[in-house]
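What follows is the residue order along each chain.
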Amino acid sequence: MQALARATKELVRAAGARGFASGVPDRKVAVLGAAGGIGQPLSLLMKLSPYVSELALYDIAGTPGVAADVSHINSKAQVKGYAGEDQLGEALKGAHVVIIPAGVPRKPGMTRDDLFKINAGIVRSLVEACGKHCPEALLNIISNPVNSTVPIAAETLKKLGVYDEKRVLGVTTLDVVRAKTFYAEKAGVDVSKVDVPVVGGHAGVTILPLFSQAVPTPNLKLSDADIDALTKRTQDGGTEVVQAKAGKGSATLSMAYAGALFADACLRGLNGDPDVIECSYVASSITEVPFFSSKVKLGKNGVEQIFGLGTLNDYEAAGLKAMMPELRASIEKGLSFAKGE
């Protein structure tokens, strides 16, 4: 996506003295889970963002050290670390964007259900705090399984009477980043010019890259087998990294990169930049399920417009149909958990 490429250049350009951007509003960003495997590199990247004036780093422990380290970088944002539940409210107070990568990462042999049992409660408690201390903030949900944790966040905020569906966004940007990378390699095109919409959810078969809509057109002809392989690699990208790290981590670095791109897009939307379009997993009515990832336009109130899927080829239409039982079950599981059923 052009927006992703632009945000990448801005993240890089922000390093050093060039990170002191002028003419943009002051914005506070809070990272919840900032001492973790995703949280630390994500905190670093958000420190480089020209759109962040205040960066609050929260975790149950370890954040004072992360904050001290990151604060030495000569860029615009002022950094403060917060540790323990008694400091969570202060970390959130006045935040415009809250990024939530908190929870446990996936390890070899772990299923999304295994993750759910641990991360569901973590997300619920953090979102409750957001609802109390920064109800108007945009929530960027990274904690897996996103297909369930976004519904949990929505239902939790409904209970508090502060739910705004435009402000709760599941981060699926890593699926887009992977699809762009893999497509560019196979198609022989410049990756910086690639746009590949990725729709559905954020796990396995619910991830559906729409390679029929990819631009630019490939320099090398892609067969049906090529598209099938690209689709499956995009769907299994997280497993590829978990296996490559041999039990010593998950896709923390690429997820931090993708999370920073999406957070910057949210900030640009809040600042009134026109045509900020990204894929995100949000409350949606474009399919038969109540939450779905597709292209959305980000603006001053969060999600301003949700785009349809466009024309799907037969392969993609079959993929859309095949994902629905799993996606619906994941959504219902999250809603049931949040409702205490």
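Not measured: the values here are computed from a predicted model.

**Student:** Go over helix α8 (residues 224–235), please, and point to the residues and values.
**Tutor:** An α-helix turns once per 3.6 residues; consequently, residues spaced three or four apart project the same way. Taking 1.5 Å of rise per residue, the twelve residues of α8 would be expected to cover 16 Å, and the 17 Å separating its terminal C-alpha atoms lies within 8% of that figure. Taken as a whole, α8 has its buried residues at Asp226, Ile227, Leu230, Thr231, Thr234 and Gln235. Down the axis, α8 shows its buried residues gathered within 165 degrees of arc, on one side only. The elements touched by buried residues of α8 are α7 (173–187), β8 (207–209), α9 (237–244) and α11 (314–339).

**Student:** Which residues make up α9, and what are the values?
**Tutor:** For α9, the complete set of buried residues consists of Gly237, Gly238 and Val242. Down the axis of α9, the buried set is contained in an arc of 135 degrees. They therefore lie on one face. Looking at α9, the residues exposed on the side facing more than 90 degrees away from the buried face are Gln243 and Ala244. A positive phi of about 50 degrees marks Ala246, the residue just after α9.

**Student:** An account of the pairing of strand β11 (residues 302–306) is requested, with residue identities and associated values reported.
**Tutor:** Bridging between strand β10 (residues 291–299) and β11 involves four bridges; their strand directions are antiparallel. Residue pairing across strands places Lys297 opposite Gln305, the latter belonging to β11. Turn length for the β10-β11 hairpin, with the two strands adjacent in sequence and antiparallel, is two residues.

**Student:** Explain the packing of aromatic side chains to me, using residue names and the numbers behind them.
**Tutor:** Enumeration according to the criterion identifies three aromatic pairs in this entry. Their ring planes at 80 degrees and their centres at 5.7 Å tell us that Phe116 and Phe337 sit as a pair that is edge-to-face. One end of the pair, Phe116, is in helix α5 (residues 112–133); the other, Phe337, is in helix α11, and 221 residues separate them in sequence. Seen from their ring centres, Tyr281 and Phe291 are 6.3 Å apart, and the 35 degrees between their planes marks the pair as tilted. Placement of the pair is Tyr281 in strand β9 (residues 276–283) and Phe291 in strand β10, with a sequence separation of ten residues. A single burial state applies to Tyr281 and to Phe291, both of which are buried.

**Student:** Run through the environment of Glu54, naming residues and quoting values.
**Tutor:** Within the fold, Glu54 resides in strand β2 (residues 54–59). For the pair Glu54 and Ala95, spaced 41 residues apart in sequence, the C-alpha to C-alpha distance is 8.7 Å. Those residues in contact with Glu54 that sit more than four places away from it in its chain are Arg27, Lys28, Val29, Ala77 and Gln78.

**Student:** So, unusual backbone geometry: which residues are in play, and what are the values?
**Tutor:** Residue Asn144 is joined to Pro145 through a cis peptide bond whose omega torsion reads 0 degrees. Its place among the elements puts Pro145 in the loop between β5 (138–141) and α6 (146–160). Cis geometry marks the peptide bond from Val215 to Pro216; its omega dihedral reads -5 degrees. Along the chain, Pro216 falls in the loop between β8 and α8. Despite not being glycine, Ala246 has its phi angle at roughly 50 degrees, a positive value. Residue position: Ala246 is located in the loop between α9 and α10 (252–270). A residue is classified by how much of its surface remains accessible, and Ala246, at 61% relative accessible area, is exposed.

Procedures and definitions
Residues numbered from 1 in each chain as written. Predicted model: local features only at pLDDT ≥ 70, side-chain atom pairs only at ≥ 80, totals over all residues. Heavy atoms only, no water. Helix = DSSP H or I, 4+ residues; strand = E, 2+ residues; numbered from the N terminus. Expected span 1.5 Å × (residues − 1). Buried < 20%, exposed > 50% of the residue type's maximum accessible area, 1.4 Å probe, protein only. Arc of directions from axis to C-beta. Contact = heavy atoms within 4.5 Å. Pairing = 2+ DSSP bridges. Phe/Tyr/Trp six-rings, centres within 6.5 Å; stacked < 30°, edge-to-face > 60°.

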